[in-house]
Amino acid sequence: MNDLTPDYTPPPRYRLLGQALIPLRDTLARRLASPLPAGEPVAEPMKWFPMQAERWQRHLKDGHRHVERICSEVLDNEHAGEAETQRAVGRFEAWVEAMLDDWDTVRGAWLSAGLGEFQSLFAAALRHNLVEISAWLDQLIPVLIDPISELRRRGLPLQGHVTLNLTLKLTGAPELADLTERISQASILAEKVLARRRQAHTRPTKTSRGGFLDIVFGAALGSFLADIFDDD
């Protein structure tokens, strides 16, 4: 925004976009404050957790594309009207709601008690990105609808060249460091478990695939049964 004066009026498409984003902002805030949902039992957590992580990575990669489309189809398009705005916002809403649904899936899933702490950390890491989107919408909407009032509220000059940084940044959650540390420690414990089991057998025995994978997955998530680690 250049050479703003107190009489500055944003292009109609800016106001349209800001108003169209309000329902999404309100939905996001409401769902972030919602209680724990009733989820589904997870039969194979070893497959389920990586699948959820991969889905989230795809969401994050899609974020840049959705913001770029809002810019190209609405903000940078002098001919954009109601139809173009609603179309761009609709796609953005679908992206955010898919993330909210996946977050609810993770935090509401029924998992064994040993996986509870890992589940909580994982859900918190996902919520971190949703909060970033919520904060971005809180900043963006008032600038689009009434930039002069927003500049005045921030104590910024109302004339000359004014720059507002409204970039959507999706960053790694603080919980990721704790998750990484727990996975590293659990991997070491898993090696000790497997080594002790190998030493316990005087001759090779065939290990069932399911049992072995259950042990390794449990190690990766830092959730072990106490009797596994009891010294003989």
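Please read all numbers here as calculations on a predicted model, not as lab measurements. (Residues numbered from 1 in each chain as written. Predicted model: local features only at pLDDT ≥ 70, side-chain atom pairs only at ≥ 80, totals over all residues. Heavy atoms only, no water.)

Draft legend 1. Structural context of the overall build of the chain. Looking only at helices and strands, the chain has 8 helices and 0 strands in total. The linear arrangement of helices and strands in the chain, starting from the amino end, is α-α-α-α-α-α-α-α. For the chain, with 232 residues in total, the buried portion stands at 36%. Long-range pairs, those at least 24 residues apart, make up 82% of the contacts in the chain with a sequence separation of at least 6. (Helix = DSSP H or I, 4+ residues; strand = E, 2+ residues; numbered from the N terminus. Buried < 20%, exposed > 50% of the residue type's maximum accessible area, 1.4 Å probe, protein only. Contact = heavy atoms within 4.5 Å.)

Draft legend 2. Quick peek at the confidence of the model for the chain. Confidence along the chain averages 77 in pLDDT terms, with 70% of residues attaining 70 or more. Across residues 203–232, where pLDDT falls below 50, the model places 36 contacts with residues more than four positions away in sequence or in other chains. (pLDDT = per-residue confidence, 0-100.)

Draft legend 3. View of helix α5 (residues 147–154). Taken as a whole, α5 has its buried residues at P147, I148, E150 and L151. Buried residues in α5, looked at end-on, bunch into an arc of 165 degrees, giving them a common side. On its buried face, α5 sits against α4 (116–145). Downstream of α5 by one or two residues, G155 has phi in the positive range, about 75 degrees. (Arc of directions from axis to C-beta.)

Draft legend 4. Broad picture of the pattern of salt bridges. Applying the stated rule across the entire model yields 9 salt bridges. With its nearest N and O atoms 3.4 Å apart, the salt bridge here joins E44 to K47. With a relative accessible area of 52%, K47 lands in the exposed category. For R107, the salt bridge is made with D104, and the minimal N-O distance between the two is 2.8 Å. In this pair, R107 and D104 are both assigned in helix α3 (residues 82–108), 3 residues apart and thus about one turn of the helix distant. When sorted by exposure, R107 lands in the same class as D104, which is buried. (Salt bridge = Lys/Arg side-chain N within 4 Å of Asp/Glu carboxyl O.)

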